[in-house]
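Examination of the molecular architecture
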Amino acid sequence: MNVLTAENLTKSYGEKVLFTDISFGIEDGEKIGIIGVNGTGKSTLLKILAGLEVPEQGKVTTGNSVRLEYLPQNPEFEDTATVLQQVFKGNSPVMQLLQEHELALEKLNADPEQPRLQQTLIALGQRMDELDAWQLENEAKSILSRLGISNFDSLVGTLSGGQRKRVALASALINPTDILILDEPTNHIDNDTVDWLEQYLNKRKGALVMITHDRYFLDRVVNRVLELDQGKLYPYPGNYSRFLELKVEREEQVEATERKRQNLFRNELAWMRRGAKARTTKQKARIDRFEQLQAAKPSEYADRIEMLAGSTRLGKKILECTHVQKGFPDRGVVLQDFNYILLRNDRIGIIGPNGSGKSTLLNLIAGRLTPDAGSIELGSTVNMGYFTQENTYLNPDLRVIDEIKAVAEVIPTAEGGFLTASQMLERFLFSPAVQWTQIGKLSGGEKRRLYLLRILMGAPNVLLLDEPTNDLDIQTLTILEGYLDDFPGAVIAVSHDRYFLDRIADKIFSFEGEGVVRSYVGNYSDYREQVYAAEQEVVQATNFAALAKTYRATGVLPAKEEPERKKERPLKMTFKEQQDYAQIDAQIAQVEEELRHNTLQMNDMGSDFGKLTELVGVQQVLESKLDDLLERWTYLNELAEKIAQNKESI
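What comes next is a walk through the structure. On a predicted model such as this, the values are computed, not experimentally measured, just so you know. (Residues numbered from 1 in each chain as written. Predicted model: local features only at pLDDT ≥ 70, side-chain atom pairs only at ≥ 80, totals over all residues. Heavy atoms only, no water.)

Enumeration over the complete set of coordinates arrives at 23 salt bridges. Here D178 and R67 are joined by a salt bridge, their closest N and O atoms 3.6 Å apart. Taken together, the positions of D178 in the loop between helix 6 (161-174) and strand 6 (179-183) and R67 in the loop between strand 4 (57-62) and strand 5 (68-71) put the pair 111 residues apart, joining distant regions of the chain. For D178, a relative accessible area of 21% corresponds to the partly exposed category. Of the residues examined, R67 reaches a relative accessible area of 41% and is grouped as partly exposed. (Salt bridge = Lys/Arg side-chain N within 4 Å of Asp/Glu carboxyl O. Helix = DSSP H or I, 4+ residues; strand = E, 2+ residues; numbered from the N terminus. Buried < 20%, exposed > 50% of the residue type's maximum accessible area, 1.4 Å probe, protein only.)

Laid out in structure tokens, this is it:
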């Protein structure tokens, strides 16, 4: 069933046309992701769907009974409201009842002996029973808890920006709606919460329309993608992976059409150069066709960005953190006895709950905070680039090109040439006309892209990235990841974007509370596997302890379940065991060779403590892997012998 129809929508701001004559429909139960380069009008389109902005042409139609809820990027808040009161902001009868109940409860807590307030609360409680509103209140508290908000009576004005955004997200999720519209719902929430939100939205009934730059999130939640590109809307069935496949096919078709047009254009151009006799109708038609071909040249794709910023030479000593400690009166210790020597090609991803100290570590490294104890030493050749969560260094009154020229007029390229500030801006999708625009008139995403370019124009050799995926579009993120692949320096990135961490990190620092930071070798998926394996070990140890306790108390171990049925089964290897049995000798040999090579490297390190520390970590991982393989080898060989003996007895 169609719940919303958008017909022939057109919208522009001044001379900038966002989209022209776009149309689409939303079916009940559809989960739609809207993607496109920053500044193409994605957020504006959501506001038009939500009825907060009016298109210049076209219309949006919904059914009379269709309920719609919208979460903007920057929600409005009432500072004097409590968390629950803010969550229950809504126009539906049940939400208004919950608002009245929360307000009456607050007044009664302030004046418990007021009979009239007691009667009002009783009456509201009866209406809550009739509308089954208690369940909604419990669900609201559950969602807030999962989003990291536990004090429901806190005033919204006392919350941080990230906490406010999570309260607004809870409000959008709890409202009973037919169409849920979310603008960047994954910003300001940690990785575990993103996992939970994925599951919640997958189970939720009703239509969903959202903008997000989290590619794993898109891939696992949406079943349709709408791409805004050069003022047009392109629909793609399926998730993000399917979108990538279909987009490649579309671009190949466009390129084939362009090649055909160019061939026709060459033929017509040759005919025109020979001299056209414009008197006859036939020749007039050819001239008209030539002019049409000339005008049909397609615009370049908006997502073909190149990052060619240079970097300066990096010396041997880069960064040494020694027994670093940092705490705050309201948060306690967030960093306890932290030690690390940064290596030249480190790619470190930092994860952890909100408020655990991730950004604090970056600020300590950048020199914006001073440690309470310990020391942080930077090498003399370090040229640090720090991409913060706020665009604090952008002057809204300056023109775009003046902001970049203030950093560098030109930068060198790998080929020995130079690129001007204007050329770099064009590569970052700022057309010559936009370059003379005031920064304050740019969209939020365009400001983030400009801020990133400003940092890269400084030719850093150590990059600190604090939530770089917030407000950057997917195309820019993809190119940034490619840039980091070839970046000749160290990168430390705080991010909740699992795809980004999988793509760029080879080491994970996990903030685990009370100042504890644990290091894991590998990317984010490797980290999750290691954490899962450790959790399984704890479960097995707990089960073993329970068995031991039972044995000490009774002298008898619990009998194995259904031993007779196990004996009756034919003794044979599973398909997976057969595969492992065939490959395990080669796998053991390979790991042993890697261990030997790693040991030789450790012997050659001498006084390079940083590299030695890294190699020791690799050694531990390899030894653990070898132990697992040897244990598996023993099991499989014993199983093979039993199978052989069983066959002989038969």
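There's plenty left to go through after this.
Evaluated as defined, the whole model comprises ten aromatic pairs. Summarising the aromatic geometry, the rings of W196 and Y200 are spaced 5.3 Å apart at their centres and angled 35° between planes, so their arrangement reads as tilted. Placement of the pair is W196 and Y200 together in helix 7 (residues 191-203), with a separation of four residues, close to one helical turn. According to the relative accessible area criterion, Y200 is buried, its value standing at 18%. Aromatic pair Y340 and F509: ring centres 5.1 Å apart, planes at 80°, arrangement edge-to-face. Linking Y340 in strand 11 (residues 332-342) with F509 in strand 19 (residues 507-511), this pair joins segments that are 169 residues apart in sequence. The class for Y340 is buried, based on a relative accessible area of 16%. Residue F509 is classed as buried on the basis of its relative accessible area, which comes to 5%. Ring pairs connect the aromatic residues Y236, Y240 and F243, which therefore count as one cluster. (Phe/Tyr/Trp six-rings, centres within 6.5 Å; stacked < 30°, edge-to-face > 60°.)

In this section: the side chain of Q435. Its place among the elements puts Q435 in helix 14 (residues 432-435). Judged by relative accessible area, which is 1%, Q435 ranks as buried. With residues near it in sequence (within four places) discarded, Q435 still touches R399, V400, I401, S422, L425, E426 and F430. (Contact = heavy atoms within 4.5 Å.)

Two elements, strand 8 (residues 224-229) and strand 9 (residues 232-237), share six bridges in a ladder whose sense is antiparallel. Each bridged residue has a counterpart across the sheet, and for V225 the counterpart in strand 9 is Y236. (Pairing = 2+ DSSP bridges.)

For the rest of this paragraph, the subject is helix 7. Here helix 7 contains 13 residues, and its C-alpha end-to-end distance of 19 Å stays within 8% of the 18 Å for a straight helix at 1.5 Å per residue. What helix 7 keeps buried is the set N191, T193, V194, D195, W196, L197, E198, Y200 and L201. (Expected span 1.5 Å × (residues − 1).)

On to helix 11 (residues 358-365). For helix 11, the buried fraction is high: seven of the eight residues fall into the buried class. Of all the residues in helix 11, the buried ones are K358, T360, L361, L362, N363, L364 and I365. Directly beyond the C-terminal end of helix 11, a positive phi value near 85° is found at G367.

This part covers the nonpolar core. Counting 52 residues, the largest nonpolar core has V87, I143, L144, L173, L182, L197 and L201 as its most contacted members. Of all the elements, helix 6 adds the most residues to this core, at seven residues. Mapped onto the domain boundaries, this core takes at least three residues apiece from domain 1 (1-67 + 177-238) and domain 2 (77-157). Not counting the four nearest positions on each side in its chain, L201 is found in contact with K31, L173, L180, L182, L208, F217 and V221. (Core = buried A, V, L, I, M, F, W, Y, C linked by side-chain atoms within 4.5 Å. Domains from an automatic or database assignment.)

With mixed pairing, six strands are arranged side by side in an open sheet as 5-6-7-3-8-9. In this open sheet, the two strands that pair with only one neighbour each are strand 5 and strand 9. Neighbour-to-neighbour, the strand axes of the sheet open up by a mean angle of 15°, direction not taken into account. Across five bridges, strand 6 lies against strand 7 (residues 207-211) in parallel orientation. (Axes fitted to C-alpha atoms, helices over the stretch in contact; angles between N-to-C directions.)

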